Every structure is written in structure tokens, then in C-alpha cells.
Amino acid sequence: MRITTSRSTRTAGALVVPLMLSAVLLVAAIFLGVVDLPAKDILAVLIGGGSDDADLIIGTIRIPRIVTGMLAGAHFAVAGLLLQAITRNPLADPTILGISQGATLTVAIFLLFTVYGASADAHTLYSLPLRWLPLVACVGGMSTGFLVFSLAMRNRLSVLRLTLSGIAIGATLHALAMGLVAGWGSARFEIVMQWLSGSLYARSWEHVIFLLPFTVAAAIALPLLHRSIDMLRFEEDVARSFGLSYRLHFSLVLFTACGLAASAVGTVGPLIFVGLVVPHLAHFLAGRHFGMVMPLTVVLGASLVTGADLVGRLLGQAEEIPIGVITALAGAPALLILLRRRS
Amino acid sequence: MILKATNVGVKYGAHRALGAFSLGFSPGEIVALIGPNGSGKSTALHALAGLTSPDEGEVVLDGREMRSWKRRSLAKRLSFLPQAPFAPDDMSVEQLVRQGRFAHVGLFQSFRSEDRAVVEWALESTGLEDLADRGLKELSGGERQRAWIAAALAQESGILILDEPTSFLDIGHQVEILELISRLSRERGVTVVIAIHDLNHAMAIADRIALLSRGKLVFEGSPTALSATGLVETTFNVQGEFIRSSGTEAPYLQIRVRR
């Protein structure tokens, strides 16, 4: 009995620390920024008062940006967790299904056509139809995911074929996007590059509203699917003889991962390392408590993106450093350490 | 006959892995499938377990065509253990065994006291009570194989199909697994279909032996009957002789190795 008690304390501790960390980051992200606002002004805004300036900065710029980042971070991390589980590949993340690359290509095509289609002097960032980017990228990412999935489902479902066609199609689409961008160059090149490196710059409540339906749908689907996700970590023959309708559940989980990843790529760009690193970190902290892995992934994913954005804003000041750069710089060594400790 | 294959044929592309395979199984018996590499043992087991749909013929379980069985009800009736199955490396023995209850618990229900009791029983029957909290990666090959058998037992399925469960184990662990299987069949009335490479182990454990060669069933009968046919020598292309011990023990093939 004593063993059980000490175990549950450890379980609680494993979640409490990341939760506290995430709360600290959240507060820091609200209070710290390029524009130095006095803490009491910020507090005033938070309880529903404050000056118009402070209200604009906090309520219209900082908070939606933080919320977008947290949602997108959780999306990426959970998508990575699901994909790593069902492909039994520790290196799986949304790029493995070509989701990010498909989104990149559609974004490139979209910018090309709208820029040339609208007006010739539409060079500046703000006159471009940026509000449509999330939807366009999301549709591109989802369609690529489905293309890869249907290739893998021909004849017999094969996880290896899923991974291989994902990598192949992803590489092709990425090459096409880069070719397109390089070919037409100039000012729009910057937009694509900025989008590619992942950024929360100028993210508003619109982006939150775009992400929320996906978040809610996944929050409903995942608890219902939790047992099949455990089952899908086995090989097909094993899962089926344990009684799982493998193809159906594989498709459902893949579909969920695809929606989460594509919507996040759409709003903040492809933040590759979040989907890759966070699930490993969550597994590491949870140990054998499978039930903890998913909540930890959500919390850590949200915190990592919030933290990376905060660091990027503070280090870069007005010329902020894109989050993608920070997550990659911080994530790669973290992954190497985790993989070393596991083996 | 609770499980019966009739004229089953399986093709992989142009390659015919199994042809006109007919074999039935009675409750509580142990049937060993033997044959050279690539003779269709694995394919036959997959067809019997409902994991491969035959291109010809049919497999019938409890009077119902295999195709009409739902995955979950099938898992309550029959469990299959592939050769060297992959397990997530953070899984403990008990967690693996609990997965065996999936068919009974389903997606939404939670574990009931009877499920916990069955998991306990499965751990006990395989001698794993003390290792329940161990990670699968920390186990020896024999212990890990026992954990998988325990997971299959937790299905309470009545029919156990095992694909070479003793491969990659040392001789001590091989015997341990064979004794476990034989005890399950005797004490629990579990029907066991087992593909196995070691001929003498097959002879020792099985009530009946089925010999496959190039996708065809060439013999089916008792170990003693098989020893009299000379089919083992021709199928495996070896020379040797069967030694008959006194009493009820199965004959033993002594292989001659030329040097």
C-alpha cells in the first residue's frame, strides 16, 4: 500500500511542476513585452479597467497572441504524440505526414496568385490578404495528410508505407514551394520565410477563434479514443487480436492528429520541434503512468510555445526572433539528451 | 470441432503461401504445426486467427464464418500471439496484461473488479506476480514471452494460437514455456494451436501434429503416427531415427549430422 501512495505523490508532482511553470510563463508573458507597461496598469486591464493604451496592448495584442501560442503549442505537441504512438516511430511529427510541407506549398501558391491577382504594387506585408493564410494553410496541410494516408491505405494498411510516402510527398511539396518562392523572389519571399520559421507576430483573437473548434473537437475525441491510442502502439496483428478494429481506429486517431497539426501550422507556421520534443519530454516525466502523458503533453506544448515566444520577444525587442528559431535551438539539444537517457 | 479450416488458400500476389489447407480443432487439445521455413505455418495461423482473409475456402469458428465475427467478440473467443511481438518500451508487465482485457472492457467502460481478478490470475498462472511492476525491457526473453502469454490469457479466450513462442529463448526458457502451455491446456481446457520449429518439442507437447510442406498439409495425426511415416526426414531433408522410449512419452528424433 505504501508503494501506491508514494507512486501517486510522484504522479501528482509530475504534473504540478509543469503546471506551475506554465502559470509562471503565462504571467511573465502578459507582464513582459516590448512596450514596457507598469504592472499596475496591466492588473487594471485584467480586472476590467485600465487606460485605453494598456487595454489595447494587453487585450488586443498580448493576450490573444499568448492564447494563440498556447493552443497551437498544445496542438503540435498532441499531434506529435499521436503520430509517434500510431507510427511507432519516435521521430514522427507533423512533417512526417507532409502536413507542414503541404501547408507551405499552398501558402506559397496562395501568396503568388493573390499578389499578382490583386494589384502589382502590393508589396508590403500588411496589404497582403494575411487573414486568409490560416485557412489556406490548414486546407493544404489536411489535403496532404489525406493524400499520404490514402496512399498508405491502398491494399493493406502499412505504417512503414505511411511514413515513407509522407516523407517522399513532403519532400516533393517542400521542393516545389521553395522553387516557387525562389523563382518569384523579392518582398513576398520574406512573408513566406517569416511564415516558415513560425511566428506569433500580429496574431489576434481571429486566430484563436480559428483554432478553437479544432481544440474542442480534439478535447472531445481524445478521451473517447484513449484506450485505442494505447492499443495502436502495438503492431497491427497484436492490436487486432486484442480486439481492436485497427483500421477504423488508426484512421480516427490519424484524422485527429492531422486536424490538430494542420490548424496549428495554419495559424503560426510549421514549428517543427514542438511536435517532436514535447511528447518525449512528457513520456520521460510520466514514466510508466500512461494516463499522465496526454495532460503533460498539452501543458508542456502550450508552455514551450509561450516561453519561446516570450524569449523571442525579449531578446529581439522590436525585431522579434521567430519562435520556430527558439524552439529549434532549445528543442534539438533537449531531444538529444532525452534520447541518450532513454537508451 | 470448435475451429475448422476448410480448403483454405492464401496468395500473396502471385505466390501461393497456402493451398487447400483443411484442419479442425477440438476443445482442450494441443496441435503443433511444423514444417520448414516458408512452408506456410505462419500464414495458416494468421488465417485461423482471422487476421488474414483466405482467398479460397473458409475458416469457421463456433459454427460461424470467420469474416462475420466482430473484432471484439473474436478476441473474447480466440487469442493470437505473433512471433517476437513489439511492445512499447515504457510498458510494464501488468500494463501489458491489462491490455488483454480490452475486448471485455471496451473503449469507454472502466476496469471492474472481475477484470482485475483475471489480470491477477493471468499473472499468477505465468508466475509473474513478483514482476508485475517491471518494465518489459528489463525482463529476460523467457519472462517477456510469459508476459505476452499472460496478456493472451487475460483475454479468457479458450483458444490460444501461438506463432513460434519459443524462438530466441534458451533451452531452459523454452521448456518453461512448453510446460506452461501444456498446463494451461490440461488445467483450463484451453485449445492450443502452436507453430514450432523444434520437432522434438512439438512431439513432446502436442496431441496432434500437422506437417506443412510448400503450403500444403502433408500429414496430420499423432506424434507416434508421424514417426512411422518417414515424412519428417523427407520434408526437412535430414537423416536420423526416431527413438521410442518406454511408457507414454512421445518418440524422439535423433538427427544425424554428417561431418
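Residues numbered from 1 in each chain as written. Chains lettered and ligands numbered in written order. Predicted model: local features only at pLDDT ≥ 70, side-chain atom pairs only at ≥ 80, totals over all residues. Heavy atoms only, no water.

**Digging into the overall build of chain B**
Per the secondary structure count, chain B includes 10 helices and 12 strands. Its C-alpha atoms give chain B principal-axis dimensions of about 55 × 40 × 35 Å. Per-residue burial for chain B yields a buried fraction of 55% across its 259 residues. Long-range pairs, those at least 24 residues apart, make up 64% of the contacts in chain B with a sequence separation of at least 6. When the accessible surface of chain B is summed, it comes to about 11,600 Å², and 47% of that surface belongs to carbon and sulfur atoms. Here chain B carries 29 positive and 31 negative side-chain charges, and the mean point of each set is 7 Å from the other. (Helix = DSSP H or I, 4+ residues; strand = E, 2+ residues; numbered from the N terminus. Buried < 20%, exposed > 50% of the residue type's maximum accessible area, 1.4 Å probe, protein only. Contact = heavy atoms within 4.5 Å. Areas by Shrake-Rupley, 256 points an atom, 1.4 Å probe, with all protein chains shown as cover. Lys, Arg positive; Asp, Glu negative; His and termini not counted. Charge placed at Lys NZ, Arg CZ, Asp CG, Glu CD.)

**Remarks on the overall build of chain A**
Secondary structure assignment for chain A yields 13 helices and 0 strands. Order of helices (α) and strands (β) in chain A, N terminus to C terminus: α-α-α-α-α-α-α-α-α-α-α-α-α. Within chain A, buried positions represent 52% of all 343 residues. Residue pairs at least 24 apart in sequence account for 78% of intrachain contacts in chain A once pairs closer than 6 positions are excluded. Accessible area for chain A stands at about 15,200 Å²; split by element, carbon and sulfur atoms hold 72% of it.

**Thoughts on the packing of aromatic side chains**
With the rule as written, the count across this model stands at 5 aromatic pairs over all chains. Pairing Phe 210 of chain A with Phe 214 of chain A gives two aromatic rings, centres 6.0 Å apart and planes at 45 degrees, and the pair type is tilted. Of the two residues, Phe 210 of chain A and Phe 214 of chain A are both situated in helix α8 (residues 205-232); the distance of 4 residues between them amounts to about one turn of the helix. You can call Phe 214 of chain A partly exposed: its relative accessible area is 24%. Clustering of aromatic rings is evident, with ring pairs tying together Phe 234 and Phe 242 of chain A together with Trp 148 of chain B. Over the aromatic face of Trp 69 of chain B sits the side chain of Arg 64 of chain B, whose NZ or CZ is 4.4 Å from the ring centroid. Taking NZ or CZ as reference, Arg 98 of chain B lies 4.0 Å from the ring centre of Phe 111 of chain B, over its face. (Phe/Tyr/Trp six-rings, centres within 6.5 Å; stacked < 30°, edge-to-face > 60°. Lys NZ or Arg CZ within 6 Å of the ring centre and 35° of its normal.)

**A closer look at the pattern of salt bridges**
Residues and elements named next belong to chain B. Taken as a whole and judged by the stated rule, the model has 14 salt bridges over all chains. The partner of Glu 65 in a salt bridge is Arg 67, and the shortest N-O contact between them spans 3.3 Å. Residues participating in the shared-partner salt-bridge network are Arg 101, Arg 112, Asp 115 and Glu 156. (Salt bridge = Lys/Arg side-chain N within 4 Å of Asp/Glu carboxyl O.)

**What to know about the side chain of Arg 65 of chain A**
The topology assignment puts Arg 65 of chain A in helix α3 (residues 52-87). In contact with Arg 65 of chain A, other than residues within four places in its own chain, are Leu 200, Tyr 201, Ala 202, Arg 203, Asp 309, Arg 313 and Glu 320 of chain A.

**A closer look at the nonpolar core**
All names here are of chain A. Of all hydrophobic cores here, the largest spans 98 residues; its most connected members are Phe 234 and Phe 250. With 9 residues, helix α10 (residues 246-268) is the largest single contributor of residues to this core. Among the nonpolar cores identified, the runner-up in size contains 39 residues, and Leu 81, Leu 133, Val 208 and Ala 282 belong to it. (Core = buried A, V, L, I, M, F, W, Y, C linked by side-chain atoms within 4.5 Å.)

**Thoughts on the environment of Trp 69 of chain B**
Residue and element names in this part refer to chain B. Residue placement: Trp 69 occurs in the loop between β5 (64-65) and α2 (71-77). Through-space distance from the C-alpha of Trp 69 to that of Ser 245 is 44 Å; in sequence the pair is 176 residues apart. What Trp 69 contacts, discounting residues up to four positions off in sequence, is Leu 61, Asp 62, Arg 64, Leu 74 and Arg 77. One polar contact links the side chain of Trp 69 to the main-chain carbonyl oxygen of Arg 64, over a distance of 3.4 Å. (Polar contact = N/O pair within 3.5 Å; in protein donor to acceptor, adjacent residues only side chain to side chain.)

**Observations regarding the pairing of strand β2 (residues 15-25) of chain B**
All names here are of chain B. Two elements, strand β1 (residues 3-12) and β2, share 7 bridges in a ladder whose sense is antiparallel. Each residue of the ladder has a partner; that of Tyr 12, found in β2, is His 15. Taking the residues between adjacent antiparallel strands as the criterion, β1 and β2 are bridged by 2 residues, where Gly 13 takes a positive phi near 65 degrees. (Pairing = 2+ DSSP bridges.)

**A word on a nonpolar patch on the surface**
Together, Leu 212, Val 216, Ile 220 and Leu 224 of chain A together with Phe 108 of chain B make up an exposed nonpolar region whose accessible area comes to about 490 Å². Of note, Leu 212 of chain A is situated in helix α8. The class for Leu 212 of chain A is partly exposed, based on a relative accessible area of 38%. (Patch = residues over 30% accessible without salt bridge, like charges linked within 9 Å, V, L, I, M, F, W, Y side chains within 5 Å.)

**A word on the state of the cysteines**
All names here are of chain A. Within the structure shown, the criterion is met by 0 disulfides over all chains. The structure places no disulfide on Cys 138, whose sulfur is separated from the nearest cysteine sulfur, that of Cys 258, by 8.5 Å. Owing to a relative accessible area of 5%, Cys 138 belongs among the buried residues under this scheme. (Disulfide = S-S within 2.5 Å.)

**What about the sheet that holds strand β8 (residues 191-195) of chain B?**
Residue and element names in this part refer to chain B. Ordered in space as β6-β7-β8-β3-β9-β10, the 6 strands form an open sheet in which the pairing is mixed. Strands with a single pairing partner mark the edges of an open sheet, and in this sheet they are β6 (78-81) and β10 (216-221). Strand-to-strand, the axes of this sheet are offset by a mean angle of 15 degrees, without reference to chain direction. Bridge analysis of strand β9 (residues 208-213) against β10 gives 5 bridges, and the strand direction is antiparallel. Across the sheet, Ala 210 pairs through a bridge with Glu 220, a residue of β10. Packing of helix α1 (residues 41-48) onto the sheet brings it into contact with β3 (30-34), β6, β7 (159-163), β8 and β9, and relative to β7 it is tilted by some 155 degrees. (Axes fitted to C-alpha atoms, helices over the stretch in contact; angles between N-to-C directions.)

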